[in-house]
Amino acid sequence: MGEHLGDRVARLRRLADLTQEGLAARSGLSADVVRKLEQHRKHSARLPMLHALAEGLGVELTALLGDPPGVPSTGEADPPQLVGVRRAIMPPLFAPPPEPDSVEHLSVSLLRRELADGWTLYHDAEFGRLTDVLPGIITDARLAAAVGSTDDRAAGQAALGKALQLGGHLAIRLGKTDLALSALERAMDAASRSSDALLAPMIANSVAWNYQRQNRLDDAEHLAVHAADGVEREYYDTAEGVRVWGGLLMSAATSAARSGDYDTADEMMRAAEKATRRLNRLKPPENGKLVSVFSRSSVRIERVRLAVQHARPEEALELARGFRLSADTPPSWRTWLLLDVARAYTDLGDAAGAVTALERLRRVAPAWIRHHTLAVAIVNDLRALPSPPPGLRKIVEFLGIRD
């Protein structure tokens with residue numbers, strides 16, 4: 001299930017030639033906290049503690065902070081399916097392009113439907129199936145961008161940009177951030193040749209997310225704010241524009257929070273939540289699956305996440321209480337909410353509440369809970385209690401956690 005947080009702390013502490021007491025002193029934490037982490041008696045930590053440990057160890061935050069679901073690199077050769085994705089994103093040098101007249105290509109409407117299906121697989125955490133079909137989607141889009149009239153090619157470039165953006169998202173989830181950046185740079189180039197003026201800022205949001213995964217938090221925040229400002233000036237009178245602007249503002253807030261500035265992040269999130277009211281007065285996008293995820297539900301879910309990460313479990317549960325998720329909230333976002341609710345209950349010592357949230361997650365999103373290392377950390381914290389709560393064993397077995 002990946003390296004335990006305590007094992008990472010112990011390994012980095014030894015590399016820094018520090019004792020547990022020495023690390024505690026440099027981090028401003030108690031030696032008991034460091035000891036419990038390294039002995040696997042504490043399985044996770046909130047962002048303030050991780051910042052303190054990273055500072056004490058003299059390492060970047062990403063040495064300690066994962067962003068599940070992500071699959072760390074093992075150093076082994078890529079499987080054939082991932083090689084196929086790489087070849088689709090970065091075609092072989094000097095390979096002749098296919099003759100347009102000799103290859104069947106999809107209409108733009110069919111291509112958009114294919115793209116929407118691909119994004120649905122992504123949000124459903126069907127990464128294996130998406131890895132299989134994505135090369136074909138990118139190939140279809142690349143051909144569409146090369147044939148037909150000027151308008152046809154511009155529409156094809158928009159589809160290619162969206163397909164490469166999907167490739168970037170998949171690569172991030174598979175822990176291949178350099179491949180993701182290559183995909184997103186190519187997506188941005190396609191966007192510049194496309195008929196979709198909002199595609200470039202949507203891809204900028206994806207690049208900002210990739211920067212976050214690489215601990216380039218300042219770069220991520222500045223990119224998201226710059227792109228959001230441009231969208232607000234030009235496209236804030238459409239639902240598509242509001243959704244793209246809101247997604248960028250949430251991304252900037254996440255970067256600020258991970259940098260330790262919770263107040264700025266909270267201010268951005270409140271502004272984003274206020275902006276969701278505009279969506280009720282605007283015509284919905286024609287194909288919402290191809291536009292940034294932004295709604296009152298998505299903002300509230302992100303606010304809950306940031307509160308949990310900053311050791312504010314009471315605030316997180318208050319934010320999560322009493323609001324309905326919109327029908328178009330992707331399964332991946334619903335998953336985050338339930339995980340964070342479970343984490344908040346665990347932090348407050350309410351084991352029964354945590355198990356209830358995990359059991360609900362197991363029912364509604366079985367694929368996602370298996371991908372989340374956070375779920376394993378929560379379960380291990382609950383297992384370490386003197387009296388593990390009823391129902392926990394079933395979740396342990398489902399996740400395949402071994403004693």
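Structural data are supplied above this passage.
These remarks concern the structure in this document. (Residues numbered from 1 in each chain as written. Predicted model: local features only at pLDDT ≥ 70, side-chain atom pairs only at ≥ 80, totals over all residues. Heavy atoms only, no water.)

This part takes up the overall build of the protein chain. Counting its secondary structure elements, the protein chain contains 20 helices and zero strands. A compact globule built from 403 residues would reach a C-alpha radius of gyration of about 22 Å, and the protein chain, at 22 Å, matches this within 12%. Seen through its C-alpha atoms, the protein chain measures out along the principal axes to roughly 70 × 50 × 40 Å. The burial tally for the protein chain puts 54% of its 403 residues in the buried class. About 19,000 Å² of surface is accessible on the protein chain, with carbon and sulfur atoms providing 50% of the total. (Helix = DSSP H or I, 4+ residues; strand = E, 2+ residues; numbered from the N terminus. Rg over C-alpha atoms; globule rule 2.2 N^0.38 Å. Buried < 20%, exposed > 50% of the residue type's maximum accessible area, 1.4 Å probe, protein only. Areas by Shrake-Rupley, 256 points an atom, 1.4 Å probe, with all protein chains shown as cover.)

Attention shifts here to helix 9 (residues 177-192). When the terminal C-alpha atoms of helix 9 are compared, their 22 Å separation across 16 residues agrees well with the 22 Å that a helix rising 1.5 Å per residue should span. Listing the buried residues of helix 9 in full gives T177, L179, A180, L181, S182, A183, L184, A187, A190 and A191. (Expected span 1.5 Å × (residues − 1).)

All told, the structure shown has 16 salt bridges when counted by the stated rule. The partner of R303 in a salt bridge is E273, with the nearest N and O atoms 2.6 Å apart. Placement of the pair is R303 in helix 14 (residues 296-309) and E273 in helix 13 (residues 262-279), with a sequence separation of 30 residues. Here R303 falls in the buried class, since its relative accessible area comes to 8%. E302 serves as the salt-bridge partner of R305, at 3.5 Å between the closest nitrogen and oxygen. Placement of the pair is R305 and E302 together in helix 14, with a separation of three residues, close to one helical turn. Each of the two residues, R305 as well as E302, counts as buried. (Salt bridge = Lys/Arg side-chain N within 4 Å of Asp/Glu carboxyl O.)

Our next topic: unusual backbone geometry. Residues other than glycine seldom take positive phi values, yet N215 does so here, at roughly 65 degrees. Turning to its location among the elements, N215 is positioned in the loop between helix 10 (199-213) and helix 11 (217-235). In this structure, A311 is a non-glycine residue whose phi angle is positive, near 60 degrees. Note on placement: A311 falls in the loop between helix 14 and helix 15 (313-320). When its relative accessible area of 45% is taken as the criterion, A311 is described as partly exposed.

L134, I138, F294, L358, V379, L382 and L399 are the most contacted members of the largest nonpolar core, which totals 112 residues. When residues in this core are grouped by element, the largest group, 11 residues, is from helix 12 (residues 239-258). Beyond its immediate stretch of four places on either side in the chain, L382 contacts T346, A351, A354, V355, L358, P388, P389 and L392. Residues V9, V33, L37 and L57 belong to the second largest nonpolar core, which totals 14 residues. (Core = buried A, V, L, I, M, F, W, Y, C linked by side-chain atoms within 4.5 Å. Contact = heavy atoms within 4.5 Å.)

On to the packing of helix 17 (residues 351-364) against helix 19 (residues 373-383), then. The geometry of helix 17 relative to helix 19 is characterised by a closest axis approach of 11 Å and an angle of 145 degrees between their N-to-C directions. The interaxial crossing formed by helix 17 with helix 19 has left-handed handedness. Counted together, A351, A354, V355 and L358 of helix 17 and I378, V379 and L382 of helix 19 form the full contact between these two elements. Tallied by class, the residues present in the contact of helix 17 with helix 19 amount to seven nonpolar, no polar and no charged. (Axes fitted to C-alpha atoms, helices over the stretch in contact; angles between N-to-C directions. Left-handed = near helix turned anticlockwise from the far one by under 90°. Nonpolar A, V, L, I, M, F, W, Y, C, P; charged D, E, K, R; others polar.)

Between two packed helices, the angle of one axis relative to the other and the distance separating the axes together describe the packing. At their nearest, the axes of helix 19 and helix 20 (residues 392-399) sit 11 Å apart, and the two run at 140 degrees to each other. When the interaxial angle is binned, helix 19 and helix 20 end up oblique. Between helix 19 and helix 20 the crossing geometry is left-handed. Seen from helix 19, the contacting residues are A375, V376, V379, L382 and R383; seen from helix 20, they are L392, I395, V396 and L399. Split by residue class, the contact of helix 19 with helix 20 holds eight nonpolar, no polar and one charged. (Parallel < 35°, antiparallel > 145°, perpendicular 65-115°, else oblique.)

Taken as a whole and assessed by the stated rule, the structure comprises three aromatic pairs. Ring centres of Y122 and F127 lie 6.0 Å apart, and the angle between their planes is 50 degrees; this geometry places the pair in the tilted category. Looking at Y122, the relative accessible area reads 4%, which means it is buried. A centroid spacing of 5.2 Å and a plane angle of 70 degrees characterise the contact between Y236 and W245, whose relative ring orientation is edge-to-face. There is no split in this pair, since Y236 and W245 are both buried. Taken together, the aromatic side chains of W119, Y122 and F127 make up a single cluster linked through ring pairs. The ring of Y211 has R216 lying over it, and the distance from NZ or CZ to the ring centre is 3.9 Å. (Phe/Tyr/Trp six-rings, centres within 6.5 Å; stacked < 30°, edge-to-face > 60°. Lys NZ or Arg CZ within 6 Å of the ring centre and 35° of its normal.)

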